[in-house]
Amino acid sequence: MKVLNNITGVATTRVDGRKKVTGTAPYTAEFNPANLVHGYIVNSTISTGTITKIDTTKALDVAGVREVFTHENAPLSVKINADYSDPMAPPGSPFRPLYNDQILYNGQPIAMVVADTFETARYAAGLIEVAYNTSGKSTTNIKDNLDRAFTDDDLPDPPKPRGNAKKAYQESEIKIEAAYLQPREYHNPMEPFATVAQWDADEERFLIYDKIQGVASSQGYIAGIFNMEKEKVRVLSEFVGGGFGSGLRPQYQLFFAAMAAKVLNLPVKVVMTRKQMFSFGHRPACFQEFKLSTDKNGKLTSIQHKAYGETSQFEKYTETIVDWSGLMYACENVELNYKLVPLDVYTPNDMRAPGGTTGMYGLECAMDELAVKAGIDPLELRLINYAEKDQNEGKPFSSKELKACYSRAAEKFGWKNRKAEPRSHKEGHTLIGYGMATGVWEALQQKASAKAIFTAEGHLTVSAATADIGTGTYTVMAQIAAETVGLPLEHVTFKLGDSTLPKSPIEGGSWTVSSVGSAVKMVCVSLREKIYARAQETHPELFAESMIEDARFEKGELSIRDGRAVSFMEILNADERKSIETSVNSEPAENRDNYSCYTHSCVMVEVHVDEDLGMIRVPRVVNAIAGGKIINPKTAESQILGGVTWGIGMAIEEEGMMDDREGRIMNANLAEYHMPINADVQEIDVIFVEEKDEIVNPLGAKGLGEIGMVGTAAAIANAVYNATGKRIRELPITLDKLL
Amino acid sequence: MEYKNYPETHEIELQLNGTSQKLTISPWTTLLDALREYFQLTGTKKGCDHGQCGACTVLVDGKAINSCLSLAMMQQGKKITTVEGLAQGENLHPVQQAFIEHDAFQCGYCTPGQICSTVGLLNMKKGNTPEEIRDLMSGNICRCGAYANIFKAVEEMVQKEVSGTP
Ligand code: FES
Ligand code: FES
């Protein structure tokens, strides 16, 4: 069985591109069923305490207002059942909107007006009067509350200590100690969270359009709260205007829309405001402490890494932050610690490269500090301590072309031109600095299912209940299917974002290509076998004697060795059953457990710092990635460009600023929460180094959604040091910190 | 003074993508909400509703504006073009085509706004240096981080002297 069509590995424009540039790709809030009414949510203005009075009279008086929902009139049925968990909920008790009068964090949704128009609902929401009883001071600052840090059985243990890090550190002459602080960050996908919910009272079913990174997440959540069978909750999410992790868990507008739709028996649309986009999960603030030491040759003698991550008072959200320090470099003495600090905030949520971008920011800055201390080139220090094996688990890597990343990046960037002495490279008033860092991310694979239907018209539809949050799922899956079956790309459609489709993991963790892609490949292999079996029946003169191993599937035809061929359509039409259908469930291969699977990268950046004003610019970034097989170089490059852009934001712009007295975020808008804009991004070179991997999954592809971000912030921080001689250990590195 | 709890509605007429359309609407409705909720022209996106993201960019008399910062009533008699009005039948506007070729988007949510801003930029005959392109395209946030490719798409359009119009 040979596949000759090269469709994967070829830069391919997005199959949904036309829809996106013409404005015809429908996002959640754009579904407008007949008799639609609009909900507008009101949020609390205190962080801890109780609601003593909530007066909705004036709001209810407004013409066009249908109802105002508060904890006082929310249906009892949704309170007694009380299973508000969702598939991605961390240990604890999930937040339950309108459940009682308790306030758990500032910005908590406490009421919703439903009216005939959006404008009316918004106006009436402003007429609701709320009185609170505030209970004491809010605690929202991680640094001030380190004494409350805890660890318990709900938290995954970091890798066990090896050797004796404390002793080795003490005995070493070359060592550094450094602590890094990182603020809260907010996902802010451009599309606000939205739900359009419809209740079918006769059938007792929900039809819900929801912004989510996996329809199963919303489905499980709603089925739990309303005590329904999952099959009675259909969730659709065909186009998602960005997620970055925020859509791994359902957000509160889903609850409000579904509840109101059921109570009022009307379709309800609820869209969050941008301000509300700052009122739920976020990247947790994190404080990290490092102690590293080397011998005089630059060989690491000890690594100690301690991290404090923030969580809410009601759930224990954890990230993998310290494990990377045990994984990345060959070192015999390692001690890792991770603790949580509970604060009066909403539970944090995975945000692009969760944990990895945080831990590697710390580790790679600390490595840079160590390189300076040891008088060794930072790249050289990484090479001296290069790990050929997973240092935490002692397993071999399924593949690790990190050395190639280092050399390709260094060559492209011109690393050899770097001046080690800070402030020694200057043009006019501009201080120029070079910095580098290593990046790493897990190459995971989850169970996934897929279905294929090949019709007699020659069109193949493959489907799975996954998502495309901008990552290119539609395109990449169609490429895999087209290549495997031997069809032109135009004859293949991939369907996703519908809970009635075959089960699929949520889109996150950079595992969609690896998981769903493997299922798609498998289902298409199965389809090929079925086409072949059908051909043996319909065209015995050609195929009765031949073997599938000798057959070719290409350009919509099945051919055998002597060159004779029949088109798929002929085969299908020669039988009254016409179309062929098949489904598979795929899961990671067993031998995968014997290996560690990771994506690696090397990021090098140039920064320009205005000597007088402290303004930082990032004119040049080179990011070399070892990510296994690249299915679509075009969308793959876009993933990395996006990740690097996020790294720039993390390094020099993003900061959720909290008024700790009120526990309220002060810059909950896009003017004051600074994210990268066009002018912040200049040259970014993306290099994919060749990497063969036959273990990671049947595709040999590793996933690229997060890796572009990991390491970028550290590389920028290190470049800023190289430019200015100043070590800023608190993100973002803004000009005030440099002056 | 009598307490009015709901503003009156009025009939307005808008020139939308080349056709004249009537609508009875309250004065507090923004052009953005009028497009999305009343005319079902949902190609124009809402990202912030406060003039801070550019997702709602449309062309009014050839100039790019944030439709969330304008009331629908104020736009009567002017020529409004949304992303739905850029293509000529099956033929995409060159800017739309360039965005596809350069993969100048990921999730696509900021894209209609980016495209309208590009057309506006071409109409102004601006974008003659890389800095000017980046500057003038900085009113449109792309959280997916497609800026490097957006830049390439716009640069190609400027270099080819593509006319913006609609
Ligand atoms: S929606 Fe108008 S600028 Fe953001
Ligand atoms: S493409 Fe997603 S926000 Fe720009």
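Residues numbered from 1 in each chain as written. Chains lettered and ligands numbered in written order. Predicted model: local features only at pLDDT ≥ 70, side-chain atom pairs only at ≥ 80, totals over all residues. Heavy atoms only, no water.

A.B. asks: Explain the pattern of salt bridges to me, please; I cannot follow it from the model alone.
C.D. replies: Where charged atoms of side chains with opposite charge meet at close range, the side chains can pair. Counted by the stated rule, this structure contains 43 salt bridges over all chains. Close ionic contact of Arg14 of chain A with Asp103 of chain B constitutes a salt bridge, the shortest N to O distance being 2.6 Å. In this pair, Arg14 of chain A is assigned in the segment before helix 1 (17–22) and Asp103 of chain B in the loop between helix 2 (94–101) and helix 3 (111–123), connecting two distinct chains. According to the relative accessible area criterion, Arg14 of chain A is buried, its value standing at 4%. Arg382 of chain A serves as the salt-bridge partner of Glu364 of chain A, at 2.8 Å between the closest nitrogen and oxygen. Of this pair, Glu364 of chain A sits in helix 9 (residues 356–374) while Arg382 of chain A is found in helix 10 (residues 378–384), placing the two residues 18 residues apart along the sequence. Look at the salt bridges and you will find they share partners, linking Arg122 of chain A together with Asp33, Lys46 and Asp49 of chain B into a network. (Salt bridge = Lys/Arg side-chain N within 4 Å of Asp/Glu carboxyl O. Helix = DSSP H or I, 4+ residues; strand = E, 2+ residues; numbered from the N terminus. Buried < 20%, exposed > 50% of the residue type's maximum accessible area, 1.4 Å probe, protein only.)

A.B. asks: Help me understand the domain arrangement of chain A, please; the structure alone is not making it clear to me.
C.D. replies: You'll often see interface size given as the accessible area lost when the parts meet. Residues and elements named next belong to chain A. We note that the domain assignment places domain 1 (31–136 + 189–273), domain 2 (286–444 + 593–738) and domain 3 (446–494 + 501–587) within chain A. The gap between the C-alpha centroids of domain 2 and domain 3 is 39 Å. With both sides pooled, the region where domain 2 packs onto domain 3 buries about 1,300 Å², and carbon together with sulfur makes up 55% of that total. Viewed at the interface, domain 3 and domain 2 are joined by 0 salt bridges. Looking at the side of domain 2 that touches domain 3, the elements that each hand over two or more residues are strand 16 (430–442) and helix 16 (633–652). Its residues assigned to classes, the side of domain 2 that touches domain 3 shows 7 nonpolar, 6 polar and 3 charged. (Domains from an automatic or database assignment. Buried area = accessible area lost by both parts, 1.4 Å probe. Nonpolar A, V, L, I, M, F, W, Y, C, P; charged D, E, K, R; others polar.)

A.B. asks: Help me understand the domain arrangement of chain B in this model?
C.D. replies: Residues and elements named next belong to chain B. Taken domain by domain, chain B comprises domain 1 (10–85) and domain 2 (94–161). Measuring from the centre of the C-alpha atoms in domain 1 to the corresponding centre in domain 2 gives 21 Å. Contact with domain 1, which involves 15 residues of that partner, is made by 12 residues of domain 2. Taken over both partners, the interface formed by domain 1 and domain 2 buries close to 1,100 Å², and the fraction arising from carbon and sulfur atoms is 62%. Scanning the region where domain 1 abuts domain 2 turns up 0 salt bridges. Taken together, the connections running from domain 1 to domain 2 amount to 6 residue pairs in polar contact (both at pLDDT 80 or more). When residues in the side of domain 1 that touches domain 2 are grouped by element, the largest group, 3 residues, is from strand 3 (residues 57–60). Considering only residue class, the side of domain 1 that touches domain 2 consists of 6 nonpolar, 6 polar and 3 charged. (Contact = heavy atoms within 4.5 Å. Polar contact = N/O pair within 3.5 Å; in protein donor to acceptor, adjacent residues only side chain to side chain.)

A.B. asks: Would you explain the sheet that holds strand 12 (residues 286–294) of chain A in this entry?
C.D. replies: Residue and element names in this part refer to chain A. The strand order 7-12-13-14 describes an open sheet built from 4 strands, whose pairing is mixed. Of all strands in the sheet, those bounded by a partner on one side alone are strand 7 (174–182) and strand 14 (334–342). Within the sheet, the average angular offset between the axes of one strand and its neighbour, ignoring direction, is 10°. In the sheet, strand 12 pairs with strand 13 (residues 300–311) via 9 bridges, with the strands oriented antiparallel. Its bridge partner being in strand 13, Lys291 is matched across the sheet by Gln304. Contacts from helix 9 reach strand 7, strand 12 and strand 13, with the element oriented near 150° to strand 7. (Pairing = 2+ DSSP bridges. Axes fitted to C-alpha atoms, helices over the stretch in contact; angles between N-to-C directions.)

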